[in-house]
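Overview (structure and organization)
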Amino acid sequence: MSAMALLALAACSKSDTAPGPGGVTMGEARALDEAAAMLDERRPPVEAVAPSEGQATEAAR
């Protein structure tokens, strides 16, 4: 989360086409951060993705 705040502060002084972190532009870095935040919000609970113990032993047979 602090990385997003740092990028937000940096974005105030640089244009979208200015070089940013990791070899992308500041605009691209901002778009990637926004996309990551949206994916984090939509992440299902672990119970929804992880098989239960009974299912895991049945699949191994």
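I will try to describe carefully the structure that is included in this document. (Residues numbered from 1 in each chain as written. Predicted model: local features only at pLDDT ≥ 70, side-chain atom pairs only at ≥ 80, totals over all residues. Heavy atoms only, no water.)

Describing the overall build of the protein
Looking only at helices and strands, the protein has four helices and zero strands in total. Along the protein, helices (α) and strands (β) appear in the sequence α-α-α-α when read from the amino end. Buried residues in the protein amount to 10% of all 61 residues. (Helix = DSSP H or I, 4+ residues; strand = E, 2+ residues; numbered from the N terminus. Buried < 20%, exposed > 50% of the residue type's maximum accessible area, 1.4 Å probe, protein only.)

What to know about the pattern of salt bridges
Should the charged atoms of two oppositely charged side chains come close, the side chains can pair. Per the counting criterion, the structure on display carries two salt bridges. One salt bridge connects Arg30 with Asp16, and the closest N-O pair in it is separated by 1.9 Å. Of this pair, Arg30 sits in helix 2 (residues 26-42) while Asp16 sits in the loop between helix 1 (2-13) and helix 2, placing them 14 residues apart in sequence. According to the relative accessible area criterion, Arg30 is partly exposed, its value standing at 30%. Of the residues examined, Asp16 reaches a relative accessible area of 43% and is grouped as partly exposed. (Salt bridge = Lys/Arg side-chain N within 4 Å of Asp/Glu carboxyl O.)

Thoughts on the environment of Glu28
Note that Glu28 resides in helix 2. A residue is classified by how much of its surface remains accessible, and Glu28, at 41% relative accessible area, is partly exposed. Taking C-alpha positions, Glu28 is 9.9 Å from Ala18, a pair spaced ten residues apart along the chain. Polar side-chain contacts of Glu28 include one of 2.8 Å to the backbone nitrogen of Thr25. (Polar contact = N/O pair within 3.5 Å; in protein donor to acceptor, adjacent residues only side chain to side chain.)

A short note on helix 2
Taking 1.5 Å of rise per residue, 17 residues should cover 24 Å, and helix 2 covers 25 Å from first to last C-alpha, within 8% of that figure. Residues of helix 2 that are buried: Met26, Gly27 and Ala29. Projected down its long axis, helix 2 shows its buried positions confined to an angular sector of 165°, all on one face. Facing away from the buried side of helix 2 by more than 90 degrees, the exposed set consists of Leu32, Met38, Leu39 and Arg42. (Expected span 1.5 Å × (residues − 1). Arc of directions from axis to C-beta.)

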